[in-house]
Amino acid sequence: MAELLAEAGILDVDVEDAVADEHVRSSAYQRVVSVTASSRSRDRDRAIVATILRDPNEMSSKGAVVALVDRIAMKATGPAEFRRWSAELLPEIDQLKAEGYREFIRRRIHDWLFYLAIEDGHVPTPAELAEVTDWMQRLLAEVSMSPAVLALIAESANTKKTRNIAKNRAGSRKLRAK
């Protein structure tokens, strides 16, 4: 824990408190993730993830890794870059004991690859849309600027709320003007 915090330049966390209290430790992990994601270099990401995932509280460590995945995905220049980066993490993710946590992180990576492909110009099929989580379908309904993607979500999303968001956004004048 001390080394992880020091490498991130976080010096105001009491290491003994972090080791003893999972809430302090979880907060420290989130700060490490923030510093890590802000870095231009991705060289240390796998080692940082490996260290975080050794935490006995897998829920806290999963949350920190998911936060890192989200932040890196939002910075990625495209699906190929994100695919290479996430492939480096998979051996570390496979070390999690809880299958549900491993699967959750893998699905999040899959969701972001789908999102980045759409950002790169791919228009998905209904079958491809069905393979992503409701969370990703809703995110796309809320942020996509593609009329074709919004039409697909309005027609095929899993939840009525997500379909309605996409329908409303597809009909918006602001979107049509772009």
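Chemist: Help me understand the overall build of the protein chain in this model?
Modeler: Secondary structure summary: the protein chain contains twelve helices and zero strands in total. Listed by position from the N terminus, the elements making up the protein chain come as α-α-α-α-α-α-α-α-α-α-α-α. Reported as C-alpha extents along the three principal axes, the dimensions of the protein chain are approximately 55 × 30 × 25 Å. Evaluated residue by residue, the protein chain yields a buried proportion of 42% over its 178 residues. In the protein chain, 58% of the contacts between residues at least 6 apart in sequence involve partners at least 24 apart. By element, 51% of the accessible surface of the protein chain is carried by carbon and sulfur atoms, the whole surface being about 9900 Å².

Chemist: Looking at this structure, I do not really get a negative patch on the surface. What am I missing?
Modeler: Taken together, the side chains of Asp14, Glu16, Asp17, Asp21 and Glu22 present a region of like negative charge at the surface. In this structure, Asp17 sits in helix H2 (residues 15–20). Given the relative accessible area of 42%, Asp17 is considered partly exposed.

Chemist: Looking at this structure, how should I read the packing of aromatic side chains?
Modeler: The geometry of an aromatic ring pair is captured by the separation of the ring centres together with the interplanar angle, meaning the angle of the planes. Overall, the coordinates contain three aromatic pairs when judged by the stated rule. Between Trp112 and Trp135, the aromatic rings sit 5.6 Å apart at their centres with planes inclined by 75 degrees, giving edge-to-face as the arrangement. One end of the pair, Trp112, is in helix H7 (residues 99–119); the other, Trp135, is in helix H9 (residues 134–143), and 23 residues separate them in sequence. Above the plane of the ring of Phe104 lies Lys62, whose end atom (NZ or CZ) is 4.2 Å from the centre. A cation over a ring is seen here: Arg108 above Trp135, with NZ or CZ 3.8 Å from the ring centre.

Thresholds applied
Residues numbered from 1 in each chain as written. Predicted model: local features only at pLDDT ≥ 70, side-chain atom pairs only at ≥ 80, totals over all residues. Heavy atoms only, no water. Helix = DSSP H or I, 4+ residues; strand = E, 2+ residues; numbered from the N terminus. Buried < 20%, exposed > 50% of the residue type's maximum accessible area, 1.4 Å probe, protein only. Contact = heavy atoms within 4.5 Å. Areas by Shrake-Rupley, 256 points an atom, 1.4 Å probe, with all protein chains shown as cover. Patch = residues over 30% accessible without salt bridge, like charges linked within 9 Å, V, L, I, M, F, W, Y side chains within 5 Å. Salt bridge = Lys/Arg side-chain N within 4 Å of Asp/Glu carboxyl O. Lys, Arg positive; Asp, Glu negative; His and termini not counted. Charge placed at Lys NZ, Arg CZ, Asp CG, Glu CD. Phe/Tyr/Trp six-rings, centres within 6.5 Å; stacked < 30°, edge-to-face > 60°. Lys NZ or Arg CZ within 6 Å of the ring centre and 35° of its normal.

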